[in-house]
Amino acid sequence: MKRTREKTEIMEEEEIRSQMFDSEVTPAMRVGGSRVVCEPSYVPVENLVFGRLAFKGMNQEIEAMMSESAAAEDDTKDKEVSDADMANRLTKNMAKKFSTKRDKSGKPAINKALATASPEASNLLAQTSSFLAQVRSQSDQAKKVKPNFQKPADD
């Protein structure tokens, strides 16, 4: 009798709670389950180091525990693919991607006839390079000549 009475009281309390919080708790929240992880210690949350430290054989037991925790950390940080392998694969993919540029119709965007240097183009390149050399020399001369500032005269 006592057990059944306790069960009925618990059921009634749950019904009252569900009526009170029906407007606040959505069905998705009920189905979603718990998103909260209860951690008994704040050490992993704060990323703290192992609590007891010993060095140079002062306490063998603690050093053994330290090595075990370090080994556990190293196992979690292992990579499946090394950085060099990843870089090699990425460079190959990028090279493949940019090796041939094509327009929307699928034809190469750069004609070889346009890429070859004509006499007019080589003339233009020579003029441009000489002009740039003149501008650079003038800017270098302008940088070298700095005005000498004089100290103000004392009255």
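Residues numbered from 1 in each chain as written. Predicted model: local features only at pLDDT ≥ 70, side-chain atom pairs only at ≥ 80, totals over all residues. Heavy atoms only, no water.

Q: Help me understand the overall build of the protein in this model?
A: A tally of regular secondary structure across the protein gives seven helices and zero strands. Along its sequence from the N terminus, the protein presents helices and strands in the succession α-α-α-α-α-α-α. With 155 residues in all, the protein has 2% of them scored as buried. When the accessible surface of the protein is totalled, it reaches about 15,700 Å², and 57% of it is carbon and sulfur. (Helix = DSSP H or I, 4+ residues; strand = E, 2+ residues; numbered from the N terminus. Buried < 20%, exposed > 50% of the residue type's maximum accessible area, 1.4 Å probe, protein only. Areas by Shrake-Rupley, 256 points an atom, 1.4 Å probe, with all protein chains shown as cover.)

Q: Even after reading the chapter, I still don't get a nonpolar patch on the surface, so can you show me in this structure?
A: A cluster of nonpolar side chains, contributed by Tyr42, Val43, Val45 and Leu48, occupies part of the molecular surface with about 410 Å² of accessible area. As for its placement among the helices and strands, valine 45 is situated in helix 3 (residues 43–46). The exposure class of valine 45 is exposed, given its relative accessible area of 60%. (Patch = residues over 30% accessible without salt bridge, like charges linked within 9 Å, V, L, I, M, F, W, Y side chains within 5 Å. Salt bridge = Lys/Arg side-chain N within 4 Å of Asp/Glu carboxyl O.)

Q: Is there a simple way to think about the confidence of the model for the protein in this case?
A: Interpreting fine coordinate detail is not advised for predicted regions of low pLDDT. On average, the protein scores 77 in pLDDT, and the residues at 70 or more come to 83%. Confidence scores differ between elements of the protein, with helix 6 (residues 112–115) showing the lowest mean pLDDT of 53 and helix 1 (residues 2–20) the highest of 88. (pLDDT = per-residue confidence, 0-100.)

Q: I'm lost on the pattern of salt bridges in this one. Help?
A: Close approach of charged atoms lets side chains of opposite charge pair. One pass over the structure, following the stated rule, counts one salt bridge. Between arginine 17 and glutamate 13 there is a salt bridge, with its nearest N and O atoms 3.8 Å apart. Taken as a pair, arginine 17 and glutamate 13 lie in helix 1 at a separation of four residues, close to a single helical turn. Glutamate 13 gets classed as partly exposed once you look at its relative accessible area, which sits at 42%.

Q: What exactly am I supposed to notice about a negative patch on the surface here?
A: A grouping of Glu6, Glu9, Glu12, Glu14 and Glu15 is seen on the molecular surface, where their side chains present a negatively charged patch. Inspection of the secondary structure puts glutamate 15 in helix 1. Accessibility expressed as a relative area gives 47% for glutamate 15, which makes it partly exposed. (Lys, Arg positive; Asp, Glu negative; His and termini not counted. Charge placed at Lys NZ, Arg CZ, Asp CG, Glu CD.)

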